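# Structural features, examined
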Amino acid sequence: MRVGVIGLGYLGVTHAVAMASLGHEVVGIEASAERLGKLKEGELPFFEPGLAAGLADAIAAGNLSFAAAASAADDCDLYFLCVGTPQLSGSNAADTSFVFAAGEALAKVIDEETVVVGKSTVPVGTAASLRKKMSEIAGFDVKIAWNPEFLREGTALEDSLKPDRIVIGAWHQESVDALRNCYEKIIATGTPVIETDVATSELVKVAANAFLATKISFINAMAEVAEVAGADAVSLAEAIGYDERIGKKFLRTGVGFGGGCLPKDIRGFVARAEELGVGQAVSFLRDVDAINLRRRERVIELANEQLGDLEGRRVLVLGLAFKPDSDDMRDSPALDVALGLASAGALVTVHDPVALEALGDNHPQLERARDLDSAFAGQELVVLATEWQQYRELSPQAVASKVAARTIIDARNVLDVPDWQAAGWKVIALGRNVHN
Ligand code: UGA
């Protein structure tokens, strides 16, 4: 099939590469000339394991090309809308203006047979408004469907090609047929397909992210209780996780969730539910958000307790990205903690295996450490904020000789506490009852 992918951010690049690898003839459509220029050269504008190789393969095989606008690629059978829906500034709601801008431009160049598929995460009801708007412009009933994406950063390509499920929300049978055709190879491996109405397909995505966020905040709420009750939230998570109805996944307690999806999606969900007059139904998500943000404050509180006063004290923060295998710092707990420590007066050094480049010249108050070994020199406190593999593998003995004081806050609960203690470290672990 000839497939257009509009919006080459995280989702769009991954989807374009995935579709090309399925054998489709893909055109990636992106308005930013800088981003487009990089992609044409096979260069990824962000860090994602395995994706650069996939991009290079697709370009070399000749089944991925690029265009600056849909008008320059008006002959596709199927278009995927993959533009961003960030949080509106000054509000909790999602900004759908990029979806409408892309849809309206597309409406001018498509014909009645063309199928338009939204993949962006949108407030329920967006697709119906978009259908109306695009149909007015096109002069016919535009075939719009919604097909949410569930990929995770760090494993994006694999998640796209081996999804747990494919959700198709559609008004027209032709859209369902086109999507089934497009995903034929994935469906043939046994991937379940859920055909549903469009509103449900929009809701599925936000509901899934809301559930995941709730699971993380649930265990972090238990961590708050554990901290004062002298209990251990890591053991607690393990113990309840053996119950298959609860499950172990997404019960890792620590400094909480961040990124470009979970935080803004729960906020956008509350905002949309309020508009629909059912705000109460999801008001618990405000608590989910608040619990999550409190964990960041807790790390700063613990740092303060350890150092007495943060003013002028040297603190090393390990990690800036919101999770390992990513350079994404949107709503990152690690970056927030580093900034919070700095605004409390600490002299903060930051290290991250990949995110320093993306940090650029932003936040000059944070001293950059390019080299992990030398980053420890003279530090009075270390905070492990993103669980990169190389931090998990740190030798407590080797770094002990470099620091000014052997105190570490494990804000992700990944260190072998007895091992670190044996090397003379005082270990503070979020939600855990560690005896030092
Ligand atoms: C999330 C969802 O997992 C994807 O299914 C979804 O497609 C995506 O959002 C999206 O909406 O596009 P992602 O943001 O890449 O994916 O990251 P996750 O792996 O979900 O992690 C989110 C945050 O939760 C990270 O900061 C991570 O450190 C934190 N987390 C995760 C925990 O604190 N504890 C856990 O047990 C799991």
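For every chain, the first residue of its written sequence is number 1, and the numbers climb from 1 along that sequence. It should be noted that, the model being predicted, local features are given only for residues of pLDDT at least 70 and side-chain atom pairs only at 80 or more, the latter also being counted only at that level, while totals for whole chains, interfaces and linings use all residues. Excluding hydrogens and water, the side-chain figures rest on all heavy atoms present in the structure.

### Considerations on the sheet that holds strand E6 (residues 143-146)
At least two DSSP bridges between two strands are required for those strands to pair. Comment: elements are numbered from the N terminus, with helices defined as DSSP H or I runs of at least four residues and strands as E runs of at least two. Here we have 8 strands laid out as an open sheet, ordered E3-E2-E1-E4-E5-E6-E7-E8, and mixed in their pairing. Every interior strand has two partners, whereas the edge strands, strand E3 (64-67) and strand E8 (193-196), have only one. Across the sheet, the mean angle separating the axes of adjacent strands is 25° when strand polarity is ignored. Here strand E5 (residues 115-118) pairs with E6 via 4 bridges, running parallel. Note on E6: the bridge partner recorded for Val 116 is Ile 144. Here, residues are in contact when the closest pair of their heavy atoms is within 4.5 Å. Between N-to-C directions, angles span 0 to 180 degrees; the directions come from axes that are lines fitted to C-alpha atoms, helices contributing only their stretch in contact. Against the sheet, helix H4 (residues 97-107) contacts strand E1 (2-6), strand E4 (78-81), E5 and E6, and its axis sits at roughly 160° relative to E4. On top of the sheet, helix H9 (residues 198-229) reaches E6, strand E7 (166-170) and E8; it is set at about 145° to E7, its chief contact.

### A few points about the domain arrangement of the protein chain
Segment limits for the domains were obtained from an automatic or database-derived domain assignment. Assigned domains within the protein chain: domain 1 (2-195), domain 2 (206-287) and domain 3 (289-429). Computed over C-alpha atoms only, the centres of domain 2 and domain 3 are separated by 23 Å. Counting residues at the interface gives 22 residues for domain 2 and 21 residues for domain 3. We define buried area as the total accessible area lost by two parts upon association, computed with a 1.4 Å probe and summed across both. Taking both sides of the interface into account, the surface hidden between domain 2 and domain 3 amounts to around 1900 Å²; carbon and sulfur atoms contribute 45%. Summed over the three residues of domain 2 that lose the most area to domain 3, namely Glu 224, Glu 227 and Val 255, the buried surface amounts to 31% of that side. Here, a salt bridge means any side-chain nitrogen of Lys or Arg that lies within 4 Å of a carboxyl oxygen of Asp or Glu. Glu 227 is the salt-bridge partner of Arg 295, the closest N and O atoms lying 2.9 Å from each other. Looking at the side of domain 2 that touches domain 3, the elements with two or more residues in it are H9, helix H11 (262-275) and helix H12 (284-307). The element contributing the most residues to the side of domain 2 that touches domain 3 is H9, with 6 residues. When its residues are assigned to classes, the side of domain 2 that touches domain 3 shows 8 nonpolar, 8 polar and 6 charged. Gly counts as polar in this scheme, as do all residues outside two lists: the nonpolar Ala, Val, Leu, Ile, Met, Phe, Trp, Tyr, Cys and Pro, and the charged Asp, Glu, Lys and Arg.

### Description of the packing of aromatic side chains
In summary, the pairing rule links any two rings of Phe, Tyr or Trp, Trp by its six-membered ring, whose centres are within 6.5 Å, and it sorts them by plane angle into stacked for under 30 degrees, edge-to-face for over 60 and tilted for everything else. Scanning all chains against the criterion turns up 3 aromatic pairs. For the pair Tyr 10 and Phe 46, a centre-to-centre distance of 4.3 Å together with 20° between the ring planes defines the contact as stacked. You can see Tyr 10 sitting in helix H1 (residues 10-21) and its partner Phe 46 sitting in the loop between helix H2 (33-40) and helix H3 (51-60), a full 36 residues away along the chain. For the pair Tyr 10 and Phe 46, a shared accessibility class is recorded, and that class is buried. Arg 131 extends its terminal NZ or CZ atom over the ring of Trp 171, reaching a point 4.6 Å from the ring centre. Over the ring of Tyr 242 we find Lys 248, and its NZ or CZ is 3.4 Å from the ring centre. For every residue, the accessible area obtained with a 1.4 Å probe (protein chains only) is divided by the maximum for its type, and the residue is called buried under 20%, exposed over 50%, and partly exposed between those limits. Criterion for a charge above a ring: Arg CZ or Lys NZ at most 6 Å from the ring centre, at most 35 degrees from the ring normal.

### Section: the nonpolar core
Definition of nonpolar core: a set of buried residues of the types Ala, Val, Leu, Ile, Met, Phe, Trp, Tyr and Cys, connected through side-chain atoms within 4.5 Å. Formed by 54 residues in total, the largest nonpolar core has its most connected members in Val 317, Leu 341, Val 348, Phe 376, Val 383 and Trp 425. Per-element tally for this core: the top contributor is helix H13 (residues 333-343), with 7 residues. Excluding residues that lie within four positions of it along the chain, Phe 376 makes contacts with Leu 316, Leu 318, Val 382, Leu 394, Val 399, Lys 402 and Val 403. Counting 41 residues, the second-largest nonpolar core is a separate cluster that includes Ala 20, Phe 46, Leu 179 and Ile 187.

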